[in-house]
Amino acid sequence: MTASSRRHATTSSDPVSRRYTRQLWMKQIGTQGQHRLEEASVLVVGAGGLGSSILSCLAGAGVGTIGVVDGDVVDVTNLNRQFLYVMADIGQPKALAARDKLVSLNPEIRIEVYPTRLNADIAYDIMSAYNMVVDASDNYETRYLISDACVLFGKPLFIGAVSAFHGMALTVLPRETACFRCLYPKPPSASIARQERARGIIGTTPVIIGSIVAQNVIKYIVHAGDWMAGRLLLMDGEGNRFDTVPLERNPACPVCGDHPTITELVSFRRRSGQTSC
Ligand SMILES: [Zn+2]
C-alpha cells in the first residue's frame with residue numbers, strides 16, 4: 001500500500017479507519033495521535049516472545065511502517081510464548097512468518113523484514129530508515145550493538161528483557177537518559193549468560209513486558225504520558241510486584257558519557273547462534 005493511500009486510510013471519514021475507532025475515542029490519541037502513529041516508523045529487533053507481543057500491539061495500533069529483524073527460524077519450542085507463530089510456520093524464517101501474520105492483522109500498514117542477524121556492518125543501513133528502535137533481542141551482543149547504535153545515530157530506544165517470571169523495561173533517549181551501557185557497563189561472563197538462559201521462560205512474561213514496551217512506544221509517538229525514560233521498570237511476575245528505579249546517565253559511560261571512547265560500531269567478538277526469547 002502506498003504512503004498516500006495509507007494516509008487516506010486513517011482519515012476519520014474513511015470506513016477503513018473503523019479499525020481504530022476505539023483508540024480514536026481516547027483523549028490521548030484522537031485523530032491527531034492516529035496520524036502520528038501512521039507517520040511513525042519503528043524497527044523491532046527480535047521477533048521472538050517479546051517481539052510477538054510488541055509487533056502485534058504496534059500493528060494493531062496502526063504504526064505506519066514496522067521493520068522486523070530476526071535471523072532465526074520458527075521451532076516447535078518457540079510456540080509456548082511466541083504467539084505470532086503456529087505449527088505450520090515451523091522451519092520458516094521468523095521475519096517472513098511474522099510479516100504474514102501482521103499483514104493479515106492489519107493490511108493498511110507497511111511491514112519491512114530483514115531475515116538476518118543484526119550486526120555492526122548492516123546496522124546503520126537498516127536503522128537509518130526508522131524513527132525509533134525496539135530491542136526485543138535475547139543476547140547481550142545484540143543488546144550492546146543496538147544501544148550503542150541508537151546513541152550514535154540518535155534514535156530513541158525501547159528495551160524489553162525477560163526471564164522466567166521476571167522482566168524489565170527501559171526507554172533510552174540518546175545522550176539524555178541512561179543507555180544500556182550505563183545500566184550494564186560490561187557484559188556478563190558466558191557462564192552467567194548461560195545460567196540466565198537456563199532459567200527458562202513462559203509466554204505470559206514476554207506478553208506483559210512486550211505490551212509495556214509497545215505501550216511506551218505508542219505513548220512516545222502520540223506524545224502522551226510517561227515513556228519510562230530515565231527509570232527502569234522491574235517486574236517480579238512470581239510475586240506480582242512492579243517496581244521502578246530511577247536511572248541516571250553515567251558521565252563515564254563509554255558511549256553516551258561526557259568523554260566517549262566508543263564512537264563507531266564494532267563487530268561482535270562472539271558470534272554465538274541467535275535465538276529469540
Ligand atoms: Zn550510556
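One can find the structure itself at the top, above this paragraph.
Here's a quick rundown of the structure. (Residues numbered from 1 in each chain as written. Predicted model: local features only at pLDDT ≥ 70, side-chain atom pairs only at ≥ 80, totals over all residues. Heavy atoms only, no water.)

Moving on: the pattern of salt bridges. Inspection of the entire model under this criterion finds ten salt bridges. Two residues, Asp 243 and Arg 241, come together in a salt bridge whose shortest N-O distance is 3.2 Å. (Salt bridge = Lys/Arg side-chain N within 4 Å of Asp/Glu carboxyl O.)

Once that is clear, we can look at the coordination of the zinc ion. Of the protein atoms, only Cys 179 (SG), Cys 182 (SG), Cys 253 (SG) and Cys 256 (SG) coordinate the zinc ion, at distances of 2.3 Å. What the four donor atoms of the zinc ion show is an angle range of 94 to 117° at the metal, which sorts the shape as tetrahedral. Along the chain, the residues donating to the zinc ion fall in the pattern C-x2-C-x70-C-x2-C. Highlighted residues: Cys 182 in helix α8 (residues 180-183) and Cys 256 in the segment after β8 (241-246), separated in sequence by 74 residues. (Donors = N, O, S within 2.8 Å, 3.2 Å for Na, K, Ca; no water. Tetrahedral: all angles 85-135°; square planar, octahedral: opposite > 155°, others 65-115°. Helix = DSSP H or I, 4+ residues; strand = E, 2+ residues; numbered from the N terminus.)

Here we come to the pairing of strand β5 (residues 157-163). Regular strands show a simple pattern: their side chains alternate between the two faces of the sheet. For β5, the tally of buried residues reaches seven of seven residues, placing the bulk of the element in the interior. The side-chain alternation of β5 yields two buried faces, one formed by Leu 157, Ile 159, Ala 161 and Ser 163 and the other by Phe 158, Gly 160 and Val 162. In the classification by handedness, the crossover that spans strand β4 (residues 132-135), the intervening helix α7 (residues 140-153) and the parallel β5 is right-handed. Relative to strand β6 (residues 166-172), β5 is paired through seven bridges, and the arrangement is antiparallel. What sits directly across from Leu 157, in β6, is Val 172. (Buried < 20%, exposed > 50% of the residue type's maximum accessible area, 1.4 Å probe, protein only. Right-handed = clockwise from strand over helix to strand, strands pointing away. Pairing = 2+ DSSP bridges.)

On to helix α10 (residues 204-222), then. Since the α-helix packs 3.6 residues into each turn, any two residues three or four apart lie on the same face. Between the first and last C-alpha of α10 there are 27 Å, a value that for 19 residues agrees with the 27 Å anticipated at 1.5 Å per step. Within α10, the full set of buried residues consists of Thr 205, Pro 206, Ile 209, Gly 210, Ile 212, Val 213, Ala 214, Asn 216, Val 217, Ile 218, Ile 221 and Val 222. Trailing α10 by a residue or two, His 223 shows a phi angle of about 65°, which is positive. (Expected span 1.5 Å × (residues − 1).)

An order of β3-β2-β1-β4-β5-β6-β7-β8 is seen for the eight strands of this open sheet, with the pairing classed as mixed. At either margin of the open sheet sits one strand with a lone partner, and together these are β3 (110-114) and β8. Between one strand and the next, the sheet's axes are offset by a mean angle of 15°, whatever the strand orientation. Bridging between β6 and strand β7 (residues 231-236) involves four bridges; their strand directions are antiparallel. (Axes fitted to C-alpha atoms, helices over the stretch in contact; angles between N-to-C directions.)

This brings us to unusual backbone geometry. Positive phi, close to 65°, is recorded for His 223, a residue that is not glycine. Following the sequence through the fold, His 223 ends up in the loop between α10 and β7.

To continue, consider the environment of Thr 31. Note that Thr 31 resides in helix α3 (residues 30-39). The spacing of Thr 31 and Tyr 20 is eleven residues in sequence and 9.6 Å in space, taken between C-alpha atoms.

Judged by nonpolar contacts, the single largest core of 45 residues is most densely connected at Val 42, Ile 54, Leu 58, Ile 66, Val 68 and Ile 221. Among all residues touching Ile 54, those that are not within four sequence positions of it are Val 44, Val 134, Ala 136, Gly 210, Val 213 and Ala 214. By size, the runner-up hydrophobic cluster in this structure holds 36 residues, among which are Tyr 130, Tyr 140, Cys 150 and Val 172. (Core = buried A, V, L, I, M, F, W, Y, C linked by side-chain atoms within 4.5 Å. Contact = heavy atoms within 4.5 Å.)

Our focus in this paragraph is the environment of Tyr 140. Summarising the element assignment, Tyr 140 is placed in helix α7. Classification of Tyr 140 by relative accessible area gives buried; the value is 18%. For the pair formed by Tyr 140 and Gly 60, sequence separation is 80 residues and the distance between their alpha carbons is 29 Å. Contacts of Tyr 140, omitting those with residues within four sequence positions, involve Phe 180, Pro 188, Ala 193 and Glu 196. At 2.8 Å, the side chain of Tyr 140 forms a polar contact with the side chain of Glu 196. (Polar contact = N/O pair within 3.5 Å; in protein donor to acceptor, adjacent residues only side chain to side chain.)

All quantities given are derived from atomic positions and should not be read as evidence of function.
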